Number of protein chains: 4
Amino acid sequence: MQQPYQPQQSQQRSDTSKRARMLISCPDRPGIVAAVSHFLHEHGANIVQSDQYTMDPEGGMFFIRFEFDLNDMERELPILQEDFTRVADRFEMKWHTFRASRKKRIAIFVSKEDHCLLELLWQWQAGDLDAEIAMVVSNHNDMRGLVEGFGIPYHHIPVTADSKPEAERKQMELVADKIDLIVLARYMQIIPQKFIEQFPNRIINIHHSFLPAFVGGKPYHQAYQRGVKIIGATAHYVTEELDGGPIIDQDVQRVTHRDNVDNLKRIGRTIERVVLARAVKWHIEDRLLVHQNKTVVFN
Amino acid sequence: MQQPYQPQQSQQRSDTSKRARMLISCPDRPGIVAAVSHFLHEHGANIVQSDQYTMDPEGGMFFIRFEFDLNDMERELPILQEDFTRVADRFEMKWHTFRASRKKRIAIFVSKEDHCLLELLWQWQAGDLDAEIAMVVSNHNDMRGLVEGFGIPYHHIPVTADSKPEAERKQMELVADKIDLIVLARYMQIIPQKFIEQFPNRIINIHHSFLPAFVGGKPYHQAYQRGVKIIGATAHYVTEELDGGPIIDQDVQRVTHRDNVDNLKRIGRTIERVVLARAVKWHIEDRLLVHQNKTVVFN
Amino acid sequence: MQQPYQPQQSQQRSDTSKRARMLISCPDRPGIVAAVSHFLHEHGANIVQSDQYTMDPEGGMFFIRFEFDLNDMERELPILQEDFTRVADRFEMKWHTFRASRKKRIAIFVSKEDHCLLELLWQWQAGDLDAEIAMVVSNHNDMRGLVEGFGIPYHHIPVTADSKPEAERKQMELVADKIDLIVLARYMQIIPQKFIEQFPNRIINIHHSFLPAFVGGKPYHQAYQRGVKIIGATAHYVTEELDGGPIIDQDVQRVTHRDNVDNLKRIGRTIERVVLARAVKWHIEDRLLVHQNKTVVFN
Amino acid sequence: MQQPYQPQQSQQRSDTSKRARMLISCPDRPGIVAAVSHFLHEHGANIVQSDQYTMDPEGGMFFIRFEFDLNDMERELPILQEDFTRVADRFEMKWHTFRASRKKRIAIFVSKEDHCLLELLWQWQAGDLDAEIAMVVSNHNDMRGLVEGFGIPYHHIPVTADSKPEAERKQMELVADKIDLIVLARYMQIIPQKFIEQFPNRIINIHHSFLPAFVGGKPYHQAYQRGVKIIGATAHYVTEELDGGPIIDQDVQRVTHRDNVDNLKRIGRTIERVVLARAVKWHIEDRLLVHQNKTVVFN
């Protein structure tokens, strides 16, 4: 009789209950780092990590990410947040705080290709993706057994020309207000505008080419046709423009004239898996900021 | 209730019933290619691919690999093999022929880390490893469910100081005369001399460092200690010398001072998986020749 | 007083006087390898290296490259060439033979960026590019001292809207019938149709992007604008279609949001240099075949 | 007549007269970032960039690098430095400030291989290495013309068993108190202990292997012998232990069984050049901190 797979015990993780993260963007001007770090120190926060990026010392945008520890998160974070509005207003900041212990809820959308889904599930069970995979949504039923074997709910919502509006309504019902991040793990349907509006910079897609080369369908066929010597994959946030959203990560692999389309697909699968998982990891660790259709990656 | 996972239908593979491969090594001298290709042509073989390598035009070794098609494999191959001894003797050749349709039987040995095993299973079910995974052998019981879920027999043979001789006897019983290739997918036990003799250049190990750096135990700790800026993994054939056998493939990834040992392990897992699977793929496609503790890779 | 730079003695090269190369393309059918290698053997040629590629076993194209040695090149090669027409006709072959000792004559075209030119000159003086750099042609005078310091003629042909036809006439006069390969080492002018016709698959350009991404002008600006995480360079044969010719080689480098356009240019320079030099090396070693706007690279 | 080479005008650099950098290491404890950034802000410094790294939140070491602008560098920096001792004492800091406009003076040591020297000279003339190359010192006279052509003094100090002490005395005389950084650009002599003491973490060597693999002499021969599938180069600070100092950067390239030792050397040259130049660039931009034989790289 088949035993359900008990994944190996993930190694003891460091205690995240005291850890918080803060992401800030604002117009650059003198004194921002001093003001924020002074503020954090006064509020009992021990800064463990900070990364910053200035687009241009004079008049550009400024981005900063802090990781800090608070001894009594529940009591201290709300106070800190309330008080911080004074600093934020002074510098015209857009800002967010995140508790590391509050796992983001992910919905993975998938069609028939399983490799990207599998990679996410493996990394998740190995403890490398510190999130909650709340559900898998698919227009096919193929991967139900796999997904349910991991103890994750599987929603099969077929999509046909006729059923499309109804399917989208069902999908939205599943994710609205319940999900922090949608991951399109080779989901072969166009995402409706309504989703993009509800999840701005919170839908990650993997495109199986080195964007902006080979936008659209059948990129491995396009790559083969053009005779490129390197193929790639691109993880990006989904925007209205097809394959045109902010790029989060890319990776590539060398190929030769010997590689036919099937080989390109096979080689590409490994790239896609790695790139998508890395992008998701960065997102759930609050390492990504978006500005003017580009990402700032504090990794 | 959990449904057993039905992996996606692998794409239609090209018919391999007519395809054979031939590997030859011999001292280099004029006329080898002409003699062999003339011979093959006369025996009705259509050469689809040939790769060769000469260590040195004057007096070195010569290596060649042919892929060819025979219309009536069952009738023609034995004749071809018999007749070829004449050519082989003339050039002092070591040679082998392989039918592509005859899948190699693999035994995977594994301990507690599952990532390399998972990658092999996944590539196998995706149709990328054209072999038969005949069994998984482990000194732990952890991955029984996973492996049996793929329909593959799982043999749990605990190894302790006391039980070692008995364990090795049982392992040998499982593999002797039944297995073409042993893959050590992060198997954390020393392989006894007897196995190495019975499976010369037929045991592939993945070592989690960029050999020859960091031979032996805890290579990621060693890498962290030394402060390297790139880590790697190495697939090699197992010989008597620890981590000293012929290297089949290696790959690497850039790291930084921020990566602690746990991070190195996590990053390394992806490298190990890819490198091991590639080495196994090359072996089962008869792309590897060994000479003086080095591999010739016709990929 | 300035001493002219005497480049280090390049290491003793192996004797190439006996070495020839043969490139063949033809429709695939059984017996080609056997026929050619048998022929070569009968004509006293010792095959040192052969590489082949079949697009498709049934009905595709077949490509093969031989390196072979002849003891008496001057006497034997013409006979071999004459006799080979019989084989070639039988298999409808397009074929060429090249003596390794007959160095290809290169004209390098350059504008104001010197890094690609410098790399070619440096690799050439180090003995890594086995060719004759016959001249450098430029629409600027900036690099005359550098080039003449290497003992290479420098032709300054200014190009303005008015002088264009006259300039092109002068350029053609310099290269026609005297040059085997034109290398555009960041030459910032459109190559006239007449050159492309006279030098089919004999003009190599370096484009400073990972084609087909960022065709045309200012590719690093385009890359910055799109926010890519990897930049690249592409060496290709020049055809009528801008940046659309057969790709010979590509390479890439990881970048981040911190890299402004100047940084991309600086990082890109190293990629461009390496990729262009590699493509030129492959061309002069007769390792490249072109078919349907794609290259077969026997490296 | 040969014209001396006038290298292309390097692009207009941004004004560095207001820019300073600060490197700090100290035991980690709460409030460091707040204290320093508050201090800098109060002293009129506009923080343009900061990078930090904590080895371990509890009880490890803390490293931080600031880039900041001061409107009146000459007047304000000395005050800032004087006042900072109070902060530094409180946190037991080791710290340095550097004016960006004060170019570091480099002595390049070289033997017979010119590729690493050439790369440094090119990058320097292209404006990519913001330093002063004060001299080239060599135990051979081969590259005098090249170096003097760049307007850089060339000191030929032959080294034989007998002349060694005298040679080292002369070398020390040249560099002591006049040079900020010694770069060993394939200098094939052991550096005497006295130099290492006088230039702690201020001598950069390029080793032509992926350390710690292939320490010592003839690493490409060692790599060939071992049959590795990837070769590399390592830039490191020189310490008493041969090839054992803190690694600054490494890079690698894939090779195959076809690559003989000469090929490995040729491929390796490109890696060595790029890695050494990158390490030198990071050093002169004050991006490197050393702790327990490892580097922290704020790039």
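Numbering of residues begins from 1 in every chain and follows the order in which that chain's sequence is written. Here the convention is simple: chains get letters from A, ligands get numbers from 1, in the order in which they are written. Under the rules for a predicted model, residues below a pLDDT of 70 receive no local features and side-chain atom pairs below 80 are neither given nor counted, while totals for whole chains, interfaces and linings still include all residues. To obtain the side-chain values, all non-hydrogen atoms of the structure were included, while hydrogens and water were left out.

1. Quick word on the relation of the copies chain C and chain A
Part 1 of the argument: A residue counts toward the fit only if its pLDDT is at least 70 in both copies, and the copies are then superposed by least squares on the C-alpha atoms of those residues. Placing chain C over chain A gives an RMSD of 0.0 Å and needs a rotation angle of 180°, together with 0.0 Å of translation along the axis. Such values leave the two copies arranged in the relation of a two-fold axis. Closest approach to the rotation axis among the C-alpha atoms of chain C is made by Ala 213 of chain C, whose C-alpha sits 2.3 Å away.
Part 2 of the argument: Working rule for contacts: check all heavy atoms of both residues, and any pair within 4.5 Å makes them a contact. An overlap of 100% is found between the interface residues of chain C and their copies at the interface of chain A, pointing to a shared contact surface.

2. With respect to the interface of chain C and chain B
Part 1 of the argument: Each partner contributes to the interface: chain C provides 17 residues, whereas chain B provides 17 residues.
Part 2 of the argument: A 1.4 Å probe defines the accessible area here, and the buried area is the portion of it lost by two parts on being joined, summed over both. Of the roughly 1600 Å² buried between chain C and chain B, counting both surfaces, carbon and sulfur atoms make up 51%.
Part 3 of the argument: Considering only the surface of chain C that becomes buried against chain B, Ala 34, Asn 46 and Gln 52 of chain C emerge as the three largest contributors, covering 27% of it.
Part 4 of the argument: Every helix listed is a DSSP run of H or I at least four residues long, and every strand listed is a run of E at least two residues long, numbered separately from the N terminus. Among the elements that line the side of chain C that touches chain B, the one with the most residues is strand 2 (residues 46-54) of chain C, at 7 residues.
Part 5 of the argument: Here the residues of the side of chain C that touches chain B are counted per class, giving 6 nonpolar, 9 polar and 2 charged. Charged means Asp, Glu, Lys or Arg here, nonpolar means Ala, Val, Leu, Ile, Met, Phe, Trp, Tyr, Cys or Pro, and polar covers whatever is left, Gly included.

3. Observations regarding the domain arrangement of chain A
When the parts of a complex come together, some accessible area is lost, and that lost area is often taken as the interface size.
Residues and elements named next belong to chain A.
Part 1 of the argument: Parsing chain A into structural domains produces domain 1 (19-99) and domain 2 (105-297).
Part 2 of the argument: Distance from the C-alpha centre of domain 1 to the C-alpha centre of domain 2: 31 Å.
Part 3 of the argument: Between domain 1 and domain 2, the contact holds 11 residues from the first and 8 residues from the second.
Part 4 of the argument: Any Lys or Arg side-chain nitrogen found within 4 Å of a carboxyl oxygen on Asp or Glu counts as a salt bridge. The interface formed by domain 1 and domain 2 holds 2 salt bridges in total.
Part 5 of the argument: The partner of Arg 21 in a salt bridge is Asp 286, with the nearest N and O atoms 2.9 Å apart.
Part 6 of the argument: Polar contact is defined as a pair of N or O atoms within 3.5 Å, subject to the rule that within protein one atom must be able to donate a hydrogen and the other to accept it, and that residues adjacent in sequence are counted only when both atoms are side-chain atoms. Our count for the contact surface shared by domain 1 and domain 2 stands at 4 residue pairs in polar contact (both at pLDDT 80 or more).
Part 7 of the argument: Breaking the side of domain 1 that touches domain 2 down by element, the ones donating at least two residues are strand 1 (19-27) and strand 3 (61-69). Domain delimitation follows an automatic or database domain assignment.

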